[in-house]
Amino acid sequence: MLPWMLIRQKAVACARMADATDEELMAAYVAGDDAAFRALFERYAPIIFGMTRRHLRDEELAREITQHTFFRLHGARRDFRVGARLRPWLLTIAMNLVREHWRKKKRRKHVDVDVDLQQAPVAERSRMELQERATLVQAALARLPDSQREVIELHWFQERPYREIAEIVGSTEGAVRVRAHRAYAKLKVWLEGDVQ
Amino acid sequence: MTDTSLNDDVDRDSLEPLLGTAQDGGVADLDALFAGVSKQIATAEKKPAFRLKSQASSTRRMLGVLGFLMVVGLTLVTGPRADLADYPPHLLAMYLGSFAVLVLGSITMALRPLHRPALEGWRRWAFPILCVVATFGLVLIPGVHDHVAMRPGEAGGLLSHATPCATYGFALGLPIYALLRLLDRGDSLGRLHAACAAGLAGNVVLELHCPVGGSSHLLAGHAMVLVVYVGGMMLIEWALRMRPSK
């Protein structure tokens, strides 16, 4: 085959990958298509990295957990069944790893909040202030119990519906809603207090 | 925010200025991250155990059950109790059937798929504790062990006749534990549930091997096998958790 034909074939395959659903990619990967695994990684690694970094407040650890999530996905790929959705699968694996980490570090329950909460930005949204705001949000999230923080992470930051969150954290939709409401109420009080 | 349920339940307008929206920031070196995963996978794929672990969960569980049946078969072939034919079939079926259900449950729990949410809080310990309570209950149920097939405790001290049984049950539980660990993909409770399955399997083989029916012997020589497995594993889990982190 001529080189330009190979390049074209690769480009067509890439375009097909980009259009494919998560489940189609997973099915291709289970069938032995490594490019599909790469495509899934490119789709989900940033999401999982962002989620775990916000949860753990540690970039290196977030990288490790992101890698380990995909390693576990590889080991569990034969469990994937037609009709299942991949996103809850992956997020559950990642969340389990995060929970495992917290369980091991149980003694480090109280996270140090080294931010001067009185120095919060008020109106101007300069780059620096946005960074400070992000730090305040992280500090407020860190004050939440693990069970509420993971729900906020999935609901607010990952924009997942309650039904799916319940599936990911292994609880009922009603319980997840209650956790979310309590957490949002706390966050509102804390963050409004910070702003004032 | 595309999710309508978010708008239904949450005062988004007041929260968004406070929380902001999803800002993951992305990963700067996605290629390096992917290379790391590929390397981990390539290294793992070289190990035969990884091929076992990466079988479908139904296959892994079937292998676990097969291992259990092989240990039971081995006991029946090499060291069945002399009075097995006299054991009332309905009592034997009830007793072994109850244990078999617990063993199957333990195998299922030990080989839980990792895409299922991890058990939290009291649920983490519920099944092993249930198994221990059920084992003591089965051993002590009046009428199960005082039929013609059972002999009372042998002469001599409790330790002298309970220790060989406990050792036998513990030893025959080990292959089950090893097999389940080999098939486990790294669930945080895999060790504990594998230990539970091993202890229960030890009780099953002891019931097929030992004709002694005294309560003290059954408690110290049979039920204790499960306690040693589960208690030992809980201690190990606790020690691992208490170990100073890097």
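Residues numbered from 1 in each chain as written. Chains lettered and ligands numbered in written order. Predicted model: local features only at pLDDT ≥ 70, side-chain atom pairs only at ≥ 80, totals over all residues.

Novice: What is the right way to read the overall build of chain A from this model?
Specialist: Of the regular secondary structure elements, chain A holds 9 helices and 0 strands. Across the 196 residues in chain A, those meeting the buried criterion constitute 39%. Restricting to contacts in chain A with at least 6 residues of sequence separation, those with at least 24 account for 57%. (Helix = DSSP H or I, 4+ residues; strand = E, 2+ residues; numbered from the N terminus. Buried ≥ 20, exposed ≤ 12 C-beta atoms within 10 Å, placed from the backbone. Contact = placed C-beta atoms within 7 Å.)

Novice: Just to check I follow, could you spell out the overall build of chain B for this structure?
Specialist: Helix and strand counts for chain B come out as 10 helices and 0 strands. From first element to last, N terminus to C terminus, chain B shows the α and β order α-α-α-α-α-α-α-α-α-α. Counting only residues that meet the buried cut, chain B has 33% of its 246 residues in that class. Excluding contacts between residues fewer than 6 apart, the proportion of contacts in chain B whose partners are at least 24 apart in sequence is 88%.

Novice: What is the right way to look at the interface of chain A and chain B in this model?
Specialist: In many reports, interface size means the accessible area that the parts give up when they come together. Facing 48 residues of chain A, the contacting portion of chain B comprises 39 residues. Broken down by secondary-structure element, the contributors of at least two residues to the side of chain A that touches chain B are α3 (34–56), α4 (59–75), α5 (86–104), α6 (127–143), α7 (146–157), α8 (162–169) and α9 (173–195) of chain A. When the residues that make up the side of chain A that touches chain B are grouped by side-chain class, the tally is 20 nonpolar, 11 polar and 17 charged. (Nonpolar A, V, L, I, M, F, W, Y, C, P; charged D, E, K, R; others polar.)

Novice: Can you walk me through the packing of helix α9 (residues 190–209) of chain B against helix α10 (residues 215–242) of chain B in this structure?
Specialist: The packing of two helices is summarised by the inter-axis angle and the distance between the axes. Residues and elements named next belong to chain B. α10 packs onto α9 with a crossing angle of 170° between their chain directions and a minimal axis gap of 8 Å. Considered as vectors, α9 and α10 are oriented roughly antiparallel to each other. Counting all contacts with α9, which are made through Arg191, Leu192, Ala195, Cys196, Ala198, Gly199, Leu200, Gly202, Asn203 and Leu206, the residues of α10 involved are His222, Ala223, Val225, Leu226, Tyr229, Val230, Gly232, Met233, Met234 and Glu237. Its residues assigned to classes, the contact of α9 with α10 shows 13 nonpolar, 5 polar and 2 charged. (Axes fitted to C-alpha atoms, helices over the stretch in contact; angles between N-to-C directions. Parallel < 35°, antiparallel > 145°, perpendicular 65-115°, else oblique.)

Novice: What is the right way to read α3(A) from this model?
Specialist: In an α-helix, one full turn covers 3.6 residues, which means residues spaced three or four apart are oriented alike. All names here are of chain A. A bend of about 40° at Tyr44 is the largest found in α3, and the proline Pro46 appears one to four places after it. Most of α3 sits inside the fold, with 17 of its 23 residues counted as buried. Just downstream of α3 lies Arg57, where phi reads positive at about 55°. (Bend = angle between axes of the 7 residues up to and from the residue.)

Novice: Which parts of the structure should I look at to understand unusual backbone geometry?
Specialist: A negative phi holds for most residues other than glycine; trans holds for most peptide bonds. Look at A:Glu159: it is not a glycine, yet its phi comes out positive at around 55°. Here A:Glu159 lies in the loop between α7 and α8.

Novice: Explain the confidence of the model for chain A here, please?
Specialist: It should be kept in mind that the predicted coordinates are not to be read in detail where pLDDT is low. Residues and elements named next belong to chain A. For chain A, mean pLDDT is 80; residues scoring 70 or higher make up 77% of the total. Across chain A, element-level confidence peaks in α4 with a mean pLDDT of 94 and bottoms out in helix α1 (residues 3–19) with 63. Across residues 107–125, confidence stays below pLDDT 50; counting only partners more than four residues off in sequence or on other chains, it has 18 contacts. (pLDDT = per-residue confidence, 0-100.)

Novice: Just checking my understanding: could you explain the environment of B:Met224 for this structure?
Specialist: All names here are of chain B. Turning to its location among the elements, Met224 is positioned in helix α10. With 24 C-beta atoms packed within 10 Å, Met224 lands in the buried category. A C-alpha to C-alpha distance of 7.0 Å links Met224 and Ala166, two positions 58 residues apart in sequence. Excluding anything up to four places from it in sequence, Met224 contacts Ala166 and Leu219.

Novice: Honestly, the confidence of the model for chain B in this entry has me stumped. Any pointers?
Specialist: Residue and element names in this part refer to chain B. Across chain B, pLDDT averages 86, with 86% of residues at or above 70. The least confident element of chain B, judged by mean pLDDT, is helix α1 (residues 4–9) at 50; the most confident is helix α5 (residues 57–78) at 96. The ipTM for the predicted assembly is 0.81, set against a pTM of 0.79.

Novice: So what exactly am I meant to see when it comes to the packing of α5(A) against α8(A) here?
Specialist: Residue and element names in this part refer to chain A. Look at α5 against α8: their axes get within 8 Å of each other, and the N-to-C directions meet at 45°. Judged by the angle between their axes, α5 and α8 are oblique. In this structure, α5 meets α8 at a crossing whose hand is right-handed. Here Pro88, Leu91, Thr92 and Met95 of α5 lie close against α8, whose contacting residues are Glu164, Glu167, Ile168 and Val169. (Left-handed = near helix turned anticlockwise from the far one by under 90°.)

Novice: For this particular structure, what's the right way to read the environment of B:Ala166?
Specialist: Within the secondary structure layout, B:Ala166 lies in helix α8 (residues 158–183). Apart from the residues lying within four places of it in its own chain, the contact partners of B:Ala166 are B:Gly221, B:Met224 and B:Val225.

Novice: How do you make sense of the nonpolar core when you look at a structure like this?
Specialist: A general feature of soluble globular proteins is that nonpolar side chains tend to end up buried together. With 54 residues, the main nonpolar core has A:Leu40, A:Ile48, A:Leu90, A:Ala94, A:Val151 and A:Ile165 as its most contacted residues. The dominant element in this core, judged by the number of residues it contributes, is α3(A), at 12 residues. In this structure, A:Leu40 is in contact with A:Asp22, A:Leu25, A:Met26 and A:Tyr29, ignoring residues within four places of it in sequence. One finds B:Phe99, B:Ile107, B:Phe127 and B:Ile176 within the second-largest nonpolar core, a separate group that totals 48 residues. (Core = buried A, V, L, I, M, F, W, Y, C linked by C-beta atoms within 7 Å.)

Novice: Sorry if this is basic, but what is going on with the environment of B:Ala195 here?
Specialist: All names here are of chain B. Its location among the elements puts Ala195 in helix α9. Separated by 126 residues in the primary sequence, Ala195 and Leu69 place their C-alpha atoms 17 Å from one another. Other than its neighbours up to four places away in sequence, Ala195 contacts Tyr177, Tyr229, Val230, Gly232 and Met233.

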